[in-house]
Amino acid sequence: MSDAAGASAHDSGDEEVTPGYVAPAKKSVEEIAELDKDDEALVKYKQALLGEAVGQAGAPLKVTVLKMTFLSEGRDPIEMDLSGDLTTLKDSSVVIKEGCEYQLNFTFHVAGEIVSGLRFQQNISRKGIPASKLNLMLGSFGPRDANHEFKTPLDEAPKGALARGKYHAKCKFIDDDKTIHLAWEWTFKIQSDW
């Protein structure tokens, strides 16, 4: 896949929704700021959540996924730049020790409007055969100057002689409006040691 920022996902059949999740009605930052103006505590809460976003009202939603970091105890973090040439991620494999516990940390920026129901989807295959699928709800995020970060729950890499080898992952960030903010592919190798 290539960078498909802002593309619609209605034509791809691999959409998944989080069970029991119902997308909220779409509201602009301005509309949210105007609600419940007489409730001082709620106004302060919204200011804390939205920060300078109210001043950006009317700007289009833009989610920029900057990097994905592979975190595992016993080794330095592996950062993958998602803001540049994404073909390099597909062409060079990250080495992962079999059976290691790991997490992925995503750094992204939201501008303009609130992104509702941002999800990370990943389909992993080995030799063309599906190996695993992940559909992880990250949540809803408001626009701000600082970057957002999200760390996935702890997971364990496959282990054993049959699990060793090269894997191919197709990933995307998609929201409730079925907008694909970024789509990319990367490869990794499961080995007996780092």
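Please read these numbers as outputs of a predicted model, since none were measured by experiment. (Residues numbered from 1 in each chain as written. Predicted model: local features only at pLDDT ≥ 70, side-chain atom pairs only at ≥ 80, totals over all residues. Heavy atoms only, no water.)

## Thoughts on the overall build of the protein
Move 1: On a plain count of helices and strands, the protein comes out with three helices and 11 strands.
Move 2: Scanning the protein from its N terminus toward the C terminus, one meets helices and strands in the order β-α-α-β-β-α-β-β-β-β-β-β-β-β.
Move 3: Across the 194 residues of the protein, 37% fall into the buried class.
Move 4: Looking at the protein alone, contacts between residues at least 24 apart form 72% of all its contacts between residues at least 6 apart.
Move 5: Total accessible area computed for the protein in this model is approximately 10800 Å², and 53% of it derives from carbon and sulfur atoms. (Helix = DSSP H or I, 4+ residues; strand = E, 2+ residues; numbered from the N terminus. Buried < 20%, exposed > 50% of the residue type's maximum accessible area, 1.4 Å probe, protein only. Contact = heavy atoms within 4.5 Å. Areas by Shrake-Rupley, 256 points an atom, 1.4 Å probe, with all protein chains shown as cover.)

## Some thoughts on the layout of surface pockets
Move 1: By volume, the largest pocket amounts to about 390 Å³.
Move 2: In this structure, the largest pocket is lined by 21 residues; those nearest its centre are Y102, Q122, I124, S132 and D155.
Move 3: Every element with two or more residues in the lining of the largest pocket is listed here: β5 (101-111), β6 (115-126), β7 (129-141), β9 (155-156) and β11 (179-191).
Move 4: Counted by class, the lining of the largest pocket contains 15 nonpolar, three polar and three charged residues. (1 Å grid on protein atoms, 1.4 Å probe; cavity = no way out; pocket = protein on both sides within 12 Å on 5 of 7 lines; lining within 4 Å. Points joined across faces, edges and corners; volume = space filled by probe spheres on them. Nonpolar A, V, L, I, M, F, W, Y, C, P; charged D, E, K, R; others polar.)

## Thoughts on the packing of aromatic side chains
Move 1: Counted according to the given criterion, the structure contains 11 aromatic pairs.
Move 2: Between F108 and F141, the ring centres sit 4.9 Å apart and the planes meet at 85°, which makes this aromatic pair edge-to-face. Of the two residues, F108 is situated in strand β5 and F141 in strand β7; the sequence distance between them amounts to 33 residues. One exposure class covers both F108 and F141, and it is buried. (Phe/Tyr/Trp six-rings, centres within 6.5 Å; stacked < 30°, edge-to-face > 60°.)

## Considerations on the confidence of the model for the protein
Move 1: Predicted confidence across the protein gives a mean pLDDT of 81, with 75% of residues reaching 70 or more.
Move 2: Here strand β1 (residues 7-8) stands out as the least confident element of the protein, with mean pLDDT 39; strand β8 (residues 148-151) is the most confident, with 95.
Move 3: Counted against residues more than four places away or in other chains, residues 1-14, with its pLDDT under 50, gives 31 contacts. (pLDDT = per-residue confidence, 0-100.)

## Looking at the nonpolar core
It is characteristic of soluble globular proteins that their nonpolar side chains tend to be buried jointly.
Move 1: Counting 36 residues, the largest nonpolar core has F108, L138, W184, W186 and F188 as the members making the most contacts within it.
Move 2: Those elements that place two or more of their residues in this core are β2 (62-72), β3 (78-81), β4 (93-97), β5, β6, β7, β10 (165-174) and β11.
Move 3: Non-local contacts of L138, meaning those with residues more than four positions away in its chain, are made with F108, L118, R119, F120, F150 and F173. (Core = buried A, V, L, I, M, F, W, Y, C linked by side-chain atoms within 4.5 Å.)

## Brief notes about the pattern of salt bridges
Move 1: Applying the stated criterion across every chain, the model contains four salt bridges.
Move 2: Of the charged contacts in the structure, one is a salt bridge between E185 and K90, with a shortest N-O distance of 3.2 Å. Residue E185 is located in strand β11, and its partner K90 is located in helix α3 (residues 87-91); the two are separated by 95 residues in the primary sequence.
Move 3: Given the relative accessible area of 7%, E185 is considered buried. (Salt bridge = Lys/Arg side-chain N within 4 Å of Asp/Glu carboxyl O.)

## Some thoughts on the pairing of β8
Move 1: Residues of β8 alternate between two faces, with H148 and F150 buried on one and E149 and K151 left unburied on the opposite face.
Move 2: Direction of pairing for β5 relative to β8: antiparallel, over a ladder of four bridges. When the bridges of β8 are listed, F108 appears paired with H148. (Pairing = 2+ DSSP bridges.)

## Quick look at the environment of A111
Move 1: Structurally, the position occupied by A111 is in strand β5.
Move 2: When the C-alpha positions of A111 and T64 are compared, they lie 8.4 Å apart, and in sequence the two are 47 residues distant.

## Notes on the pairing of β7
Move 1: With 10 bridges joining them, β6 and β7 adopt antiparallel strand pairing. Bridge pairing links V115 to F141 in β7.
Move 2: Count of turn residues in the β6/β7 antiparallel hairpin: two residues, of which K127 carries a positive phi of about 55°.

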